Each structure stands twice: as C-alpha cells, then as structure tokens.
Amino acid sequence: MAAFEKDLQGPEMMQKLLLALVKNNSGVTPDAGQCGAWVKEADGGSFTSPNYPEKYPPDRECVYIIEAAPRQCIDLFFDDRYSIEPSWECKFDHIEVRDGPFGFSPIIGRYCGQQSPSYVRSSGRYLYIKFVADGELEAIGFSARYNFTQDPEFKGLGDLPSLP
C-alpha cells in the first residue's frame, strides 16, 4: 500500500480530506492555529477569529469543525467581547453555525454585529462554524468556547433482566 493511502485511513481520513477542502478567500489552506481547524479536545476547548482581540484581517474565510465523542452534543458559547461588522442579514462579515460537519449541514444561525450570539447546542456530535470577513471594515471578531454533554436523545439499554 502506498504511503499516501496509509496516511488516509480511518477517522483521520475524513479530517484530512475536509481540511484540504477548507480554503480562505485568498486560496490558501488555513493554519490550524490561525484560521480554521478541526477540533476535538476531549475536555472541550476554545478558538478565536484571526488576531483576536485585535482586528481580524480582511478577505478571510475560516472553518472550524468541532467533533464530540459518539452520543454527545456540543455546547458552544461566544464571549461577550465580540464585534463583527454589522450588516443587514449579515451579508458581509459573519459567523455561520451549522448542525453537522459540512457546509451544507442544516443552518443554526448566521451572526454579526456587536451582540454575541446566544448559547448554541448541536443535535449531534458535530458543529461546523464558518467565519467570513470581506475586504472592508474589520472589527475585533470573536472568541468561542465549547464543551460536551450527553446527548439527551440517547436512551441507554436500560437495566438488563436478571438471569434465572
């Protein structure tokens, strides 16, 4: 088996393929620490827009994919120190949150302006968060933190009956 095929086996394959597809407006694949990442820290974590709390750069598109363990949901919180260029229907700079790992997953919300989004909970084990900055009017951006909770829809096997 070729070295490339060995590198793309198992759950890491999906992560590598999705990150390879994630590009910002300048056509550059994002650095995991700067603009976009696949995050799956077991105890939760945080991420920010580029340069936060300084102004984010223009012409950026960053995708953050959060993955929880099976049978868990993701709780996402945006810090109060939040500012993204306001516009009608958030057509310019914005954060888009989707319920799943893809850009075509069901949309939860699209956010911009001075008021941080309210708490977000996924219905499953993935959230897709896209931050977009156009070429004009930058702001400080956002800082977000996430943690995991048991999926309320998951009902365990219950008690096993005793054996005779």
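Here is a short report on the structure shown in this document. (Residues numbered from 1 in each chain as written. Predicted model: local features only at pLDDT ≥ 70, side-chain atom pairs only at ≥ 80, totals over all residues. Heavy atoms only, no water.)

1. Regarding the sheet that holds strand 1 (residues 37-39)
Working step 1: Spatially, the five strands line up as an open sheet ordered 1-3-8-5-6, and their pairing is mixed. Strands with a single pairing partner mark the edges of an open sheet, and in this sheet they are strand 1 and strand 6 (107-111). Between one strand and the next, the sheet's axes are offset by a mean angle of 15 degrees, whatever the strand orientation.
Working step 2: Of the pairings in the sheet, the one linking strand 5 (residues 94-98) to strand 8 (residues 126-133) comprises five bridges and is antiparallel in character. Paired with Ile95 across the two strands is Phe131, which belongs to strand 8. (Pairing = 2+ DSSP bridges. Helix = DSSP H or I, 4+ residues; strand = E, 2+ residues; numbered from the N terminus. Axes fitted to C-alpha atoms, helices over the stretch in contact; angles between N-to-C directions.)

2. A look at the sheet that holds strand 4 (residues 72-78)
Working step 1: Ordered by their spatial adjacency, four strands build an open sheet running 2-9-4-7, and the pairing between neighbours is antiparallel. Every interior strand has two partners, whereas the edge strands, strand 2 (45-48) and strand 7 (120-121), have only one.
Working step 2: Two elements, strand 4 and strand 9 (residues 143-150), share seven bridges in a ladder whose sense is antiparallel. Bridge pairing links Ile74 to Phe148 in strand 9.

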